[in-house]
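Descriptive structure summary
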Amino acid sequence: MSENWYKSRSYLHFDRPINQAAAREIVSNCKTVAQHAFYPFIRYVAKTQKVFFDKSVGRVVRKDPKERPISYAAHVDSHIYSYYCERLNQAYEAHLAKATFSSAVLAFRSLGKSNIEFARDAFLDITARESCCVIAIDIKGFFDNLDHAHLKTAWQTLLGSSRLPEDHYAVYRSLTKYSFVYREKVYDILGLSKNNPKQGRKRICEPHEFRDMVRDGGLIETNKVKKGIPQGSPISALLSNVYMMGFDGQIHGYAQSCGGAYYRYCDDVLLIVPLAKEIEAKILIEQRVNAIGLEIQEAKTETCKFTRSAKGLSTDRPLQYLGFVFDGTNIHLRSSSLARYQDRVNKGVRLAGKRMDKVNAKRTARGQSPRPMFLKKLYKRYSYLGRRNFISYGYRAAKTMNSSSIKKQLKPHWERLRERICEVQGE
């Protein structure tokens, strides 16, 4: 097996980072893994600001932030998860090589494609049809609701075993009966700075401090329900695919039987069927989702009917998929994505302006002339001049999808960025 499982991590946790040789000695010994005592995950809540352009008022409106708990494992624990992820991934890919639904599973695989190509392929599939019904569903609280019994059965199926080996069971148990502590509470009780907690430390605390202050201090919480795995561990993403193996096979088989198609990107499910199969397909997919202990999020479920006429392909409502919108003719970026980008631009430029004001206040105090705002980082972060930002992603999508519509959406943003910079500089 390759050494891709090893990744050096420098974050603070309850244990110290270890080198590759030490990690390999632990993870490659089944008995050591079976007897390993896993530390609690450290958890923080990531907030994503939701914004959209409200046409009725003509401005960007903020929605309540979306909160998502992220958990990260101790160093040795992370190496164990990564190692077993590599082993399971080999078994999973071998399983898919024999299955008919391999091309339908898009997320968390080394396919050499991005969301851009996945969305384009789905849109091309729709375009090649005379008519079809497209059902796009989102599964509610995906990682938080994975049923432990179903996960265990799927894991055993992948290994071709009637029960999990002791080392695999130890990993499974650590992810289902997992414990965690909130980062802020740990930092508070240990007196660590939230902005600069390291200060020469190699670990958050010594073992006796962990026992006396963290464990005995009542900071550790345990998952006591029979569902859910921590989102953020090195193996969680793969396990979500393992969990869905049976579902993928059933829904793909149904789609093939009626001349349709099936695509799944994590908890985003896209089913393309003939118009006459709409009701039947919806009933089936809801039954299969419920059968594996999950629930469809109705508010995010869309049904789009595409039909062809002399004017070309059209739809009763545009399809939103993986950040793009398709109306049968044109492909656009989601308006909420553009609004969120513009919101980030406004914040970024405003912050850069405040920083420059502080610099210039010090320069003026020293008798030096004020200088203009530093623009290189702003251009790199918010314009086509940067290689890894939303605008460059949009232009790459426009090229890949041959979409002039996306180019039109992006064209005004350079001028808007320049205008915002001029406003902050008082020009």
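For the structure itself, look to the data block above.
First, a word on scope: everything that follows refers to the structure included in this document. (Residues numbered from 1 in each chain as written. Predicted model: local features only at pLDDT ≥ 70, side-chain atom pairs only at ≥ 80, totals over all residues. Heavy atoms only, no water.)

**Observations regarding the sheet that holds strand 7 (residues 221–222)**
Within the open sheet, the 4 strands sit side by side as 4-1-6-7. Their pairing is mixed. The two strands at the open ends of the sheet, each matched to only one other strand, are strand 4 (66–72) and strand 7. (Pairing = 2+ DSSP bridges. Helix = DSSP H or I, 4+ residues; strand = E, 2+ residues; numbered from the N terminus.)

**Describing the side chain of T315**
With respect to the helices and strands, T315 occurs in strand 11 (residues 312–315). From its side chain, T315 meets the backbone oxygen of K305 in a polar contact 3.3 Å long. Within the local environment of T315, its side chain forms a polar contact with the backbone oxygen of R317, the two atoms lying 2.8 Å apart. (Polar contact = N/O pair within 3.5 Å; in protein donor to acceptor, adjacent residues only side chain to side chain.)

**Points about the layout of surface pockets**
Looking at the second largest pocket, its volume works out to about 510 Å³. The wall of the second largest pocket is formed by 18 residues, among which S82, C85, E86, F108 and P234 lie closest to the centre. Put simply, the parts of the chain that give the lining of the second largest pocket at least two residues each are helix 3 (75–98) and helix 9 (236–243). Per-class residue counts for the lining of the second largest pocket are 7 nonpolar, 6 polar and 5 charged. (1 Å grid on protein atoms, 1.4 Å probe; cavity = no way out; pocket = protein on both sides within 12 Å on 5 of 7 lines; lining within 4 Å. Points joined across faces, edges and corners; volume = space filled by probe spheres on them. Nonpolar A, V, L, I, M, F, W, Y, C, P; charged D, E, K, R; others polar.)

**Concerning the pattern of salt bridges**
Taken as a whole and judged by the stated rule, the model has 16 salt bridges. Between R420 and E423 there is a salt bridge, and its shortest N-O distance comes to 2.9 Å. Here R420 and its partner E423 are both found in helix 16 (residues 412–425), 3 residues apart, which amounts to about one turn of the helix. The exposed category is assigned to E423, whose relative accessible area is 54%. (Salt bridge = Lys/Arg side-chain N within 4 Å of Asp/Glu carboxyl O. Buried < 20%, exposed > 50% of the residue type's maximum accessible area, 1.4 Å probe, protein only.)

**Focus: helix 7 (residues 183–190)**
Given 3.6 residues to a turn, an α-helix orients residues that are three or four positions apart in the same direction. Of all the residues in helix 7, the buried ones are V186, Y187 and L190. For helix 7, the buried positions fall inside an angular range of 95° around the axis, keeping them on one side. Residues of helix 7 that are buried in the fold lie against strand 6 (179–182) and helix 8 (207–215). Following helix 7 by one or two positions, G191 adopts a phi angle in the positive range, close to 70°. (Arc of directions from axis to C-beta. Contact = heavy atoms within 4.5 Å.)

**Comments concerning the packing of helix 3 against helix 5 (residues 148–159)**
When two helices pack together, their arrangement is given by the angle between the helix axes and by the axis-to-axis distance. Two elements in contact, helix 3 and helix 5, have axes whose closest approach is 9 Å; the angle formed by their N-to-C orientations is 75°. By the angle class used here, helix 3 and helix 5 are roughly perpendicular. Across from L88, A91, Y92 and H95 in helix 3, the residues of helix 5 making contact are W155, L158 and L159. Here the contact of helix 3 with helix 5 is composed, by residue class, of 6 nonpolar, 1 polar and no charged. (Axes fitted to C-alpha atoms, helices over the stretch in contact; angles between N-to-C directions. Parallel < 35°, antiparallel > 145°, perpendicular 65-115°, else oblique.)

**What to know about unusual backbone geometry**
Phi angles above zero are rare outside glycine, and F108 is one such case at about 60°. Counting through the fold element by element, F108 comes out in the loop between helix 3 and helix 4 (115–127). When its relative accessible area of 38% is taken as the criterion, F108 is described as partly exposed. Here the phi dihedral of Q199 falls at roughly 45°; this positive angle occurs in a residue that is not glycine. Tracing the backbone shows Q199 in the loop between helix 7 and helix 8.

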